[in-house]
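Descriptive structure summary
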Amino acid sequence: MQARKFTAFVAATLASAALPTIVLMALVGTIASDEITRDEWWIVAGLLFAIALAHVVLLGVPAVVLLRRIGRYRLLPMSIAGALVGALPYAIFSFPFNVAAGVDVFNDGVQAMANGVATSAGWLEGVQEAAVFGALGFVGALAFYGVHRAIAEPTKGAIGALR
């Protein structure tokens, strides 16, 4: 039984890194399909998977352990935790710290910073970017939960595992 739980945990960890990678590669494919060669495509996919796997191991697995410990290992708390684990690191590290006064930043003709201070358009852009990573975290959490429950609890099957 312990081998089944370990296998479920490893498979769920890999799935929670693989699915967001696939989603992000689909987005990259629709945006830059003419600009990337096949060899570059595999390099990008490998790098994205490595980053996603490190993210899952460093942030996602502790969130799962915490949810299991407090008895909240269910679909909704996992989804929320996944979205937070995906969005918060990006939001924290992309916040414009230490910007010199007098700096103006324009993105696609819209002023994101005025005199070193983020404008409302800049904040909105940051929130939108963090939301993309939150959605990827959400997808990864769903993948983890579904795969883990389907393998760890064989009597429920794939459909019953999502309850």
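Structure shown above.
Being a predicted model, the structure only gives us computed values, none of them experimental. (Residues numbered from 1 in each chain as written. Predicted model: local features only at pLDDT ≥ 70, side-chain atom pairs only at ≥ 80, totals over all residues. Heavy atoms only, no water.)

1. So, the overall build of the protein
Of the regular secondary structure elements, the protein holds 5 helices and 3 strands. When the helices and strands of the protein are placed in sequence order, the string is α-α-α-β-β-β-α-α. A total of 163 residues make up the protein; the buried ones form 29% of that total. (Helix = DSSP H or I, 4+ residues; strand = E, 2+ residues; numbered from the N terminus. Buried < 20%, exposed > 50% of the residue type's maximum accessible area, 1.4 Å probe, protein only.)

2. Regarding the nonpolar core
Judged by nonpolar contacts, Ala12, Val64, Leu67, Tyr73, Met78, Ala81, Ala141, Phe144 and Tyr145 together constitute the single largest core of 9 residues. Where this core is concerned, the elements lending two or more residues are helix H2 (38-69), helix H3 (75-94) and helix H4 (120-152). The element contributing the most residues to this core is H4, with 3 residues. (Core = buried A, V, L, I, M, F, W, Y, C linked by side-chain atoms within 4.5 Å.)

3. Here's the deal with the side chain of Ser79
Among the structural elements, Ser79 can be located in helix H3. The exposure class of Ser79 is buried, given its relative accessible area of 7%. When residues no more than four places from it in sequence are discounted, the contact partners of Ser79 are Phe138, Ala141 and Leu142. (Contact = heavy atoms within 4.5 Å.)

4. Section: the packing of H3 against H4
The contact between H3 and H4 brings their axes to 6 Å, and the two run at 140 degrees. Classified by the angle their axes make, H3 and H4 are oblique. The element H3 and its partner H4 pack so that their crossing is right-handed. Every residue of H4 that contacts H3 at Leu75, Met78, Ser79, Gly82, Ala83, Gly86, Ala87, Tyr90 and Ala91 is listed here: Gly126, Glu129, Ala130, Phe133, Gly134, Gly137, Phe138, Ala141, Leu142, Phe144 and Tyr145. Taken together, the residues of the contact of H3 with H4 sort by class into 13 nonpolar, 6 polar and 1 charged. (Axes fitted to C-alpha atoms, helices over the stretch in contact; angles between N-to-C directions. Parallel < 35°, antiparallel > 145°, perpendicular 65-115°, else oblique. Left-handed = near helix turned anticlockwise from the far one by under 90°. Nonpolar A, V, L, I, M, F, W, Y, C, P; charged D, E, K, R; others polar.)

5. Side note on H3
The first and last C-alpha atoms of H3 sit 29 Å apart over 20 residues, in line with the 28 Å expected at 1.5 Å per residue. Ala87 marks where H3 bends most, by close to 25 degrees; the proline Pro89 follows one to four residues later. Among the residues of H3, those classed as buried are Met78, Ser79, Ala81, Gly82, Val85, Gly86 and Ala87. Those residues of H3 hidden inside the fold are in contact with H2 and H4. (Expected span 1.5 Å × (residues − 1). Bend = angle between axes of the 7 residues up to and from the residue.)

6. Some remarks on the packing of aromatic side chains
Taken as a whole, this structure holds 3 aromatic pairs when the rule is applied. When the centroid spacing of 5.2 Å and the interplanar angle of 55 degrees are considered together, the rings of Tyr73 and Tyr145 count as tilted. Of the two residues, Tyr73 sits in the loop between H2 and H3 while Tyr145 sits in helix H4, which places them 72 residues apart along the sequence. According to the relative accessible area criterion, Tyr73 is buried, its value standing at 11%. Consider the rings of Tyr90 and Phe133, whose centres lie 4.7 Å apart with planes at 25 degrees: the pair is stacked. (Phe/Tyr/Trp six-rings, centres within 6.5 Å; stacked < 30°, edge-to-face > 60°.)

7. Re the packing of H2 against H3
Geometrically, a packed helix pair is captured by the angle between its two axes and the distance between the axes. Running from N to C, H2 and H3 cross one another at 145 degrees; their axes reach a closest spacing of 10 Å. You can see that H2 and H3 cross each other, and the crossing is right-handed. Two secondary-structure elements touch here, H2 through His55, Leu59, Gly60, Ala63, Val64 and Leu67 and H3 through Pro77, Met78, Ala81, Val85, Gly86 and Pro89. The residue inventory of the contact of H2 with H3, partitioned by class, reads 9 nonpolar, 3 polar and no charged.

In short, shape yes, function no, at least from these values alone.
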